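As a plain string of letters, each chain reads:
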Amino acid sequence: MSTRFEWSALVLRLIAGLTFLIHGIDKFQMGLGNVAGFFGTMGLPAFIAYFVAFLELIGGIALILGLGTRLFSAVMVVIMVGAILTAKLSIGFLSGQAGAGYELDLALLAMTLSLAISGSSKYSLDGALFGKKNIA
């Protein structure tokens, strides 16, 4: 893989990881019960809120560290598709309301889909621990 590709994948991995980490922390600070209540207003089971909060937190850390990049990116793709379809699509791309539209979710979907397909081994724990590039 070219060096330029690896550097760009590293940037995607770090920014996506940091974004998911902060969103996960935010869900814990809001209170998981409150997040579960919000999910309930959309007709989703409460356990999904806990699942998403933990995955954003752990997945964000894993992406930053480059541990299981393809696996965690694929999981984040599913979360972003779910967020767009259940919570954001009806609001629109750019919301005129207080909440955001699905523009950030779509950007994160593109970033994590790219990482799920290609991986990212530059400065990754996957590479350091396993000596392989682009492992799941």
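Residues numbered from 1 in each chain as written. Predicted model: local features only at pLDDT ≥ 70, side-chain atom pairs only at ≥ 80, totals over all residues. Heavy atoms only, no water.

> Would you explain the nonpolar core in this entry?
Inside soluble globular proteins, nonpolar side chains tend to come together where they are buried. Counting residues in each nonpolar core, the largest one holds 21 residues, and the members touching the most others are Ala 16, Phe 20, Ile 79, Met 80 and Leu 108. Contributions of two or more residues to this core are made by α1 (3-30), α2 (32-41), α3 (46-65), α4 (69-88) and α5 (103-118). By residue number, the principal contributor to this core is α4, which donates seven residues. Ignoring sequence-local partners within four residues, the contact set of Ala 16 consists of Leu 63, Leu 108, Met 111 and Thr 112. (Core = buried A, V, L, I, M, F, W, Y, C linked by side-chain atoms within 4.5 Å. Buried < 20%, exposed > 50% of the residue type's maximum accessible area, 1.4 Å probe, protein only. Helix = DSSP H or I, 4+ residues; strand = E, 2+ residues; numbered from the N terminus. Contact = heavy atoms within 4.5 Å.)

> Got a minute to help me understand the packing of aromatic side chains in this structure?
Two numbers describe a pair of aromatic rings. These are the distance of the centres and the angle of the planes. Under the criterion given, the structure shown has four aromatic pairs. The interplanar angle of 85 degrees and the centroid separation of 5.1 Å between the aromatic rings of Phe 28 and Phe 54 together place this pair among those described as edge-to-face. Placement of Phe 28 in helix α1 and of Phe 54 in helix α3 is noted, with a sequence separation of 26 residues between them. Overall, Phe 28 belongs to the partly exposed group, its relative accessible area being 31%. (Phe/Tyr/Trp six-rings, centres within 6.5 Å; stacked < 30°, edge-to-face > 60°.)

> Where do I start with the layout of surface pockets in this structure?
Summary: where empty space remains is shown by rolling a probe the size of a single water molecule over the atoms. The space that makes up the largest pocket amounts to roughly 750 Å³. Along the walls of the largest pocket sit 30 residues, with Lys 27, Phe 39, Val 52, Glu 56 and Ala 83 positioned nearest its centre. Ranked by residues supplied to the lining of the largest pocket, first place goes to α4 with nine residues. Residues of the lining of the largest pocket, tallied by class, amount to 20 nonpolar, five polar and five charged. (1 Å grid on protein atoms, 1.4 Å probe; cavity = no way out; pocket = protein on both sides within 12 Å on 5 of 7 lines; lining within 4 Å. Points joined across faces, edges and corners; volume = space filled by probe spheres on them. Nonpolar A, V, L, I, M, F, W, Y, C, P; charged D, E, K, R; others polar.)

Note that every value here comes from positions in space, so none of it alone points to a role or purpose.
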